[in-house]
Amino acid sequence: MPNQTIDSIQTIFQSRLATLDHLLKTAQTHFSDDDSFLQKRIASDMLPFGTQIAFTCNQPRNFALWSEGKPANNLDPEVTALTQAYEHIAKTQTMLVDISVEDQKLAEITRIDLGDSLYLELSGIDYINEFLMPNFYFHLVTAYDILRMAGVPIGKQDYMMHLAPHVQQD
């Protein structure tokens, strides 16, 4: 994406984390504060909704850590309580706000360890666009899909709420 800046990336992550928070609140209301919905999944071999929250947060979290020159550090994927889910989102949002790095960081080469002695080396901008963002949206959409499958009354307007300030009427 041309003209990306650290600030624009922060804004995208922040607005979509607000969407995740909104989806979680809507599900909490729908399920009357019974946090067992965190264990819902689309298929038996897929990870549950709570894990999707952690994995969604991992991407902006690791962006913030990368910005500080620190290694990736993923959240505990076992999210079984609403307080834990909300805490993951809030702490990730705080980490994003605290980023203080120049846009030149986007040109730096980054190594991503994949396990089993495998790794990627990408520029910072490719790390964000080719690794973090696709993973971020994958887990955000999966979280949304789990809630839809479970009967939570959400729709596209809930997923695309970041566009609400731009909606106009003739």
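Summarised in this report is the structure supplied together with it. (Residues numbered from 1 in each chain as written. Predicted model: local features only at pLDDT ≥ 70, side-chain atom pairs only at ≥ 80, totals over all residues. Heavy atoms only, no water.)

Inspection of the entire model under this criterion finds nine aromatic pairs. An angle of 80° between the planes, with centres 4.9 Å apart, marks the rings of Phe13 and Phe136 as edge-to-face. With Phe13 in helix α1 (residues 6-30) and Phe136 in helix α4 (residues 124-149), this pair connects stretches of sequence that are 123 residues apart. Each member of the pair, Phe13 as well as Phe136, carries the same accessibility label: buried. On the numbers, 5.9 Å between centres and 20° between planes, the contact of Tyr127 with Phe131 is stacked. Of the two residues, Tyr127 and Phe131 both sit in helix α4, four residues apart, roughly one turn of that helix. Classification of Tyr127 by relative accessible area gives buried; the value is 6%. An aromatic cluster is built from Phe13, Phe63, Trp66, Tyr127, Phe131, Phe136 and Tyr137, whose rings are joined through pairwise contacts. (Phe/Tyr/Trp six-rings, centres within 6.5 Å; stacked < 30°, edge-to-face > 60°. Helix = DSSP H or I, 4+ residues; strand = E, 2+ residues; numbered from the N terminus. Buried < 20%, exposed > 50% of the residue type's maximum accessible area, 1.4 Å probe, protein only.)

With respect to the helices and strands, the residue Ser123 is situated in strand β2 (residues 118-123). In contact with Ser123, other than residues within four places in its own chain, are Leu106, Ala107, Glu108 and Ile109. (Contact = heavy atoms within 4.5 Å.)

The subject of this paragraph is helix α3 (residues 82-97). Counted at 1.5 Å a residue, the expected span for α3 with its 16 residues is 22 Å, and the 23 Å between its end C-alpha atoms agrees. When α3 is considered as a whole, its buried residues turn out to be Leu82, Gln84, Ala85, Tyr86, His88, Ile89, Thr92, Met95 and Leu96. Buried residues in α3 make contact with α1 and α2 (49-67). (Expected span 1.5 Å × (residues − 1).)

This part is about unusual backbone geometry. A positive phi angle, near 65°, is found at Asp33, a position not held by glycine. Residue position: Asp33 is located in the loop between α1 and α2. Look at Asp116: it is not a glycine, yet its phi comes out positive at around 50°. Of note, Asp116 is situated in the loop between β1 (109-115) and β2.

One side chain can pair with another of opposite charge once the charged atoms of both are near each other. For the structure on display, the rule yields five salt bridges. The salt bridge partner of Lys91 is Glu87, with a shortest N-O separation of 3.5 Å. You can see Lys91 and its partner Glu87 sitting in helix α3, four residues apart, about one turn around the helix. Between Glu108 and Lys105 there is a salt bridge, and its shortest N-O distance comes to 3.0 Å. On the basis of relative accessibility, which here comes to 39%, the residue Glu108 falls in the partly exposed class. (Salt bridge = Lys/Arg side-chain N within 4 Å of Asp/Glu carboxyl O.)

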